[in-house]
Amino acid sequence: MLIRITTLLVSVFISLSLQSQCTLQYAGKITDGDTKEILKGAVVTLKDVGVKALTDSNGNFMIKGLCAGHYDVIISHVGCQPLLTHIHINDDYEKWYELPHAVNQLEAVKVMSHNINVVNPTEIKGAQLDALKGLSLGETIKNIPGVSLLQTGTNIYKPAIHGLHSSRVLIINNGIRQEGQQWGNEHAPEIDANLASRISVIKGAGTIRYGGDAIGGVVLVEPKLLRLVPGIGGEVNVAAFSNNRQLSIAGILDGNLTKNNAISWRLQGTIKKGGNSKTPQYWLDNSGLEEYNFSAAVGYKKTNWSSELFYSQFNTKLGIFSGAHIGNLTDLMTAINSTTPPDYITNVGFTYRIDRPYQKVQHHLLKSKTLLSTGAIGRINVTASFQYNNRLEYDKKRFQSSEDVPQLDLSIATAGLDIIWDYFGHKKMKGTVGLVGSFQDNQYSRRLFIPNYQSVNGGGFITNKWTISKWAIEYGMRYDYRKIFNTTDNAGNRFSSGIYSSLSGSLGAAYVINSTTKLSLNASTAWRSPNVNELYSDGLHHGAARIEKGNANLQPERANTFLSELNINAEKWTIETGAYFKYIKNFIFLQPSYPPQLTIRGAFPAFIFSQTNAALYGFDVSLGYNVSHHLQVNTKTSILRAMNKRTDEWLIQMPADRYQGEVTYTFNNRTLFKETYMRLTAQAVNQQKRIPKTGPIEISRPDGSIYYAADYAPPPQAYFLLGAEVGTTLSLHRKDYSIIISASNLLNHVYRDYMNAFRYYADEMGRYIAIRIKVPFAVNNNPKNKNK
Amino acid sequence: MKKSFSKFALALLMVGTLLSGCEKDAEEPNEEELITTVRLTFTEVGGAGTVSTFTFKDLDGEGGAAPSVFNDIVLAPSKSYNMSIALLNESVSPVEDITTEVSNEGNDHQIYYVTSGANVTISNLNNDAAGLPLGLTSTWTTGTASTGNVTITLKHKPGVKAAGDAITKGDTDIQLAWPTRVQ
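As the structure is a prediction and not an experimental result, all values here were calculated from the model.

This brings us to the overall build of chain A. Across its full length, chain A holds six helices and 41 strands. Its C-alpha atoms give chain A a radius of gyration of 28 Å, near enough to 28 Å, the size a compact globule of 788 residues would have. Across its three principal directions, the C-alpha atoms of chain A cover 105 × 55 × 50 Å. When burial is assessed residue by residue, chain A has 45% of its 788 residues classed as buried. Put simply, 66% of the contacts in chain A that link residues at least 6 apart link residues at least 24 apart.

Set out below in structure tokens:
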């Protein structure tokens, strides 16, 4: 590997007189080239003589007793690229080195490895991410404690954090706030999970930088960084699934053109196609999916600035299980009362064909990001972005002769500009200050569900973090302004405009109790303005068999959250626990309203968006124990309680208690096979018994008596699933090929999940086996050939 | 900084071009066959040819405003009527007659009549091309004076309609529990 020393800033050369004895000293200071942070524990090695020195807490090192002469020096530190240099000394020599950061070249500064984190994001990356390739974004993060999925059938997955989802969870895709039709329960994030090299979930606190409205939390999707080393390389990920015969092929190709100007680029694409899924007993008619995505990025890096241009396109077509397409309440009750869908639906076999009803979604993201160094004290990030999202929903055709047009056609365009300054000049304090703004235009054609509108969003924030010995304190404040205007329907009706603005803030502290134990406490307050669907929607929600009415008088929600985390990272034990309490004032929810509303399809229960105060509390625990060098046991627990404080009833549609366990056996590395492991996983999900006692839905008991409930059917039974996974890394010609075979729902258990909107109609998927292969390749890795 | 603004402008331009590529036609086909109106026309058999009409009308479809018209069916006792049903979309101009489409694709559709309380017998449903009941026309025979409902249900069952189908089969396009008085 060729290392350049172009990042040297300070060079002090002290040459006094020639000495011939071996009493010379070589001293210096080592800092992170990107963050300017002092690097403690960096290793300075004089190759020829085998002498090593470590930097102290001020980043200083010293090697004494050297003879005059030439030395090859290697400087290395965790998280940085090693630096190779050559020194010639004939006197005491002192030099300041900056190590290029390995993982953060064009990215914003996030969390440094030797820092005390106040906010502890849960990350999925590396081998863990490899084992989840080919899945949707939601499925990829579902095993993080505190994260659950809001599901619509077998191919629409929305992440929920502590039971909150949709517009309460921010998804930051490649640094840009995802602006799709996120308000809809059956609108999955329009993001290619294959582009991510790291997915992080921030629960509760520490989200000020990303938005004031992240009441549930933030999901950060970060792509692989642009290539730093000259040459061209890439990787192909293939994932094949047995159940729906899905094949997903994802490729990435990146290169770095020249060694001095550091122009780098990356191309990435995904093709995914799956057919009907199968429950243990029957096929799910029309549950196929297709996805075609690609992205391109180019970056240019100089000493004091760097710039990156990125474009991505996401295209998907998602079949909707035909047995879940109901005409009215009678059909719904018929579906609920029969344990399996009718014969004429289950009689279908396997096909890749996607018929109506289906969803077709396209998302474009164009972004440019420029980093400007402001000397040793900080860096400015200027990010401009443009997103366009188009969602088409095709219902079943009423007549064969009907036009092949969608019933719902929504498009939303968003332009945004963020100017953010990261500063780290002070020894103990670093922080970020920023201004963000965006303009949004939403248009619909055909059926009205949400009106046309435009909106302007603006905000400013500051976050600071102080690290003082064993303490770290982080605080942030943010002001956001949102205006919704030009709200109209296509019939010429005009709706009221809305202006919302308020402050959010957070305060957190972490204390390192000892080398293995850390305690952190966070308090935050955030607010979210009502969404357009909550304000103005008016119509039948076919999937949910209810009439939903917006309420133009809604006030913003205010969420106050307390989060405490205890992390223990000992030799045998890894313990991560988080307990939270969240009080949401003016929590927006669908309130049942009497009486049912008459339509041509019969009477439907009507719900109006209303507000209450809600309290959500619970804990997430992740426990790991290394029984031996080979054997590891892990468990994860997610417990949530959610109350409507005005009525003192449980909130509807909250995830049930969930427990996961896994046992992993890792084999010794062989020449050919490395990191070989076998894993057995188990998951237990309780029945959700904490639901509202009554509601507007009239349900007849078998004996003919009638009662009123909040839901059409009681939550499904508890379930227990087993899974298995084996994986290895094959080392051939200095390349690591990874192969992972996994089986989910190993016992082909029949179950339904409360968080799946299709629980009324069909069982969840049966057993499926997935094979994942990762093939890295290098087109040209010899820098000498590229260096002209 | 200036650089990224110019880049942003370029970005907008590029995406603008993309968008105009995807722009929809201004003139769109009707979103879907919205059925706003069900009209029942009764012609007395052998009588003076008296014609009575009873209507359900909900111009803005499901949700929104409540149905504007929902007449009770009122029939004389001990008579026989030929009934024909008309399905209309009155939200568009000119009004769209959906009855023809149901008739043309009769093998995907079926209308069911279920009486409760009202002393009415409904028979003689017309058939589709395959000889299976369709129900766009029927004969209603009244008995003694009574009050109740006739539930009229239009089912959509593309490709699966068969003899002796239960009312639960398929998707429901219309379900109206029509108040009915024989007096």
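A separate point is the overall build of chain B. Along its length, chain B carries two helices and 11 strands. Starting at the N terminus and ending at the C terminus, chain B contains elements arranged as α-β-β-β-β-β-β-α-β-β-β-β-β. For chain B, restricting intrachain contacts to residue pairs at least 6 apart in sequence, the fraction spanning at least 24 positions comes to 62%.

This part is about the sheet that holds strand S2 (residues 43-46) of chain A. Residues and elements named next belong to chain A. As summarised here, the arrangement of the four strands in space is S3-S2-S5-S6, forming an open sheet in which the pairing is antiparallel. Where the open sheet ends on each side, the last strands, each with one partner, are strand S3 (51-54) and strand S6 (83-89). Adjacent strand axes in the sheet meet at a mean angle of 25 degrees when their direction is disregarded. Where S2 and S3 come together, four bridges link them in antiparallel fashion. Bridge pairing in S3 links Thr 45 to Lys 52.

Turning next to the pairing of strand S16 (residues 246-256) of chain A. Residue and element names in this part refer to chain A. Here strand S15 (residues 231-241) runs beside S16; their pairing, made up of 11 bridges, is antiparallel. Residue pairing across strands places Ala 239 opposite Ser 248, the latter belonging to S16. Connecting S15 to the next strand, S16, in antiparallel fashion are four residues, including Arg 245 with a positive phi near 50 degrees.

Strands belonging to one sheet form pairs held by backbone hydrogen bonds; the direction of such a pair is parallel or antiparallel. Residue and element names in this part refer to chain A. Within the open sheet, the five strands sit side by side as S8-S13-S14-S11-S12. Their pairing is mixed. The outermost strands of the open sheet, each flanked by one partner alone, are strand S8 (122-125) and strand S12 (176-177). Pairing of strand S11 (residues 169-173) with S12 involves two bridges; the strand directions are antiparallel. Opposite Asn 173, over in S12, you have Ile 176 as the bridge partner.

The biggest cluster of nonpolar side chains holds 87 residues, and the ones touching the most others in it are Ile 172, Val 218, Val 219 and Val 221 of chain A. In terms of residue count, the dominant contributor to this core is strand S32 (residues 602-626) of chain A (five residues). Formed by 28 residues, the second largest nonpolar core is a distinct cluster that contains Phe 42, Tyr 81, Leu 136 and Val 182 of chain B.

What follows concerns the environment of Phe 607 of chain A. All names here are of chain A. When you line up the elements, Phe 607 lands in strand S32. The spacing of Phe 607 and His 70 is 537 residues in sequence and 80 Å in space, taken between C-alpha atoms. Excluding residues that lie within four positions of it along the chain, Phe 607 makes contacts with Arg 546, Ile 547, Glu 548, Lys 549, Leu 590, Gln 591, Pro 592 and Ser 593.

What follows concerns unusual backbone geometry. The peptide bond linking Arg 356 of chain A to Pro 357 of chain A adopts the cis configuration, its omega dihedral lying at 5 degrees. Relative to the elements of secondary structure, Pro 357 of chain A occurs in the loop between helix H4 (343-346) and strand S20 (358-373). Following Ser 93 of chain B, the chain continues to Pro 94 of chain B via a peptide bond in cis, the omega torsion being 0 degrees. Following the sequence through the fold, Pro 94 of chain B ends up in the loop between strand S5 (80-89) and strand S6 (96-97). A positive phi is found at Asp 648 of chain A, a non-glycine position, where the angle reads about 60 degrees. For Asp 648 of chain A, the position within the fold is in the loop between strand S33 (631-644) and strand S34 (649-650).

Next up on the list: the environment of Ala 188 of chain A. All names here are of chain A. Considering the arrangement of structural elements, one finds Ala 188 in the loop between S12 and strand S13 (196-203). Since 26 C-beta atoms lie within 10 Å of it, Ala 188 is described here as buried. In this structure the C-alpha to C-alpha distance between Ala 188 and Thr 152, which are 36 residues apart in sequence, comes to 9.0 Å. In this view, Ala 188 contacts Ser 136, Gly 138, Ile 156, Tyr 157 and Lys 158; residues no more than four positions away in its chain are not counted.

Let us now look at the confidence of the model for chain A. Confidence along chain A averages 86 in pLDDT terms, with 93% of residues attaining 70 or more. Here residues 783-788 of chain A scores under 50 on pLDDT; set against residues more than four positions off or in separate chains, the count is 12 contacts.

Residues and elements named next belong to chain A. With 15 of 17 residues buried, strand S21 (residues 378-394) is to be regarded as a mostly interior element. As judged from the 16 bridges shared by S20 and S21, these two strands associate in the antiparallel manner. The residue bridging Leu 365 from the neighbouring strand is Gln 387, located in S21. Where S20 folds back on S21, the antiparallel hairpin that results is connected by four residues, among which Gly 375 adopts a positive phi of roughly 75 degrees. Pairing of S21 with strand S22 (residues 408-423), which is carried by 16 bridges, proceeds in the antiparallel orientation. By the bridge assignment for S22, Arg 379 is matched with Asp 422.

This part takes up helix H3 (residues 329-337) of chain A. Turn by turn, an α-helix covers 3.6 residues, leaving residues three or four places apart pointing in a common direction. Here H3 of chain A has its buried residues at Leu 329, Asp 331, Leu 332, Met 333 and Ala 335 of chain A. On its buried face, H3 of chain A is in contact with S32 of chain A together with strand S11 (171-182) of chain B.

What follows is about the environment of Ser 295 of chain A. Residues and elements named next belong to chain A. Positionally, Ser 295 belongs in strand S18 (residues 289-301). Between the C-alpha atoms of Ser 295 and Ser 312, which are 17 residues apart in sequence, the distance is 4.0 Å. Excluding its chain neighbours within four sequence positions, the residues that come into contact with Ser 295 are Leu 195, Gln 268, Phe 310, Tyr 311 and Ser 312.

This brings us to the confidence of the model for chain B. Residues and elements named next belong to chain B. In this model, chain B carries a mean pLDDT of 84, and residues with pLDDT of at least 70 account for 82%. This model gives residues 1-5 a pLDDT under 50, and the stretch forms seven contacts once residues within four places in sequence are excluded. Low pLDDT (under 50) marks residues 15-31, which in the prediction has 16 contacts with non-local residues, meaning those over four places away or in another chain. Taken together, the chains of this predicted complex give a pTM of 0.83 and an interface ipTM of 0.81.

Here is what the cut-offs are and how they apply
- Residues numbered from 1 in each chain as written.
- Chains lettered and ligands numbered in written order.
- Predicted model: local features only at pLDDT ≥ 70, side-chain atom pairs only at ≥ 80, totals over all residues.
- Helix = DSSP H or I, 4+ residues; strand = E, 2+ residues; numbered from the N terminus.
- Rg over C-alpha atoms; globule rule 2.2 N^0.38 Å.
- Buried ≥ 20, exposed ≤ 12 C-beta atoms within 10 Å, placed from the backbone.
- Contact = placed C-beta atoms within 7 Å.
- Pairing = 2+ DSSP bridges.
- Axes fitted to C-alpha atoms, helices over the stretch in contact; angles between N-to-C directions.
- Core = buried A, V, L, I, M, F, W, Y, C linked by C-beta atoms within 7 Å.
- pLDDT = per-residue confidence, 0-100.

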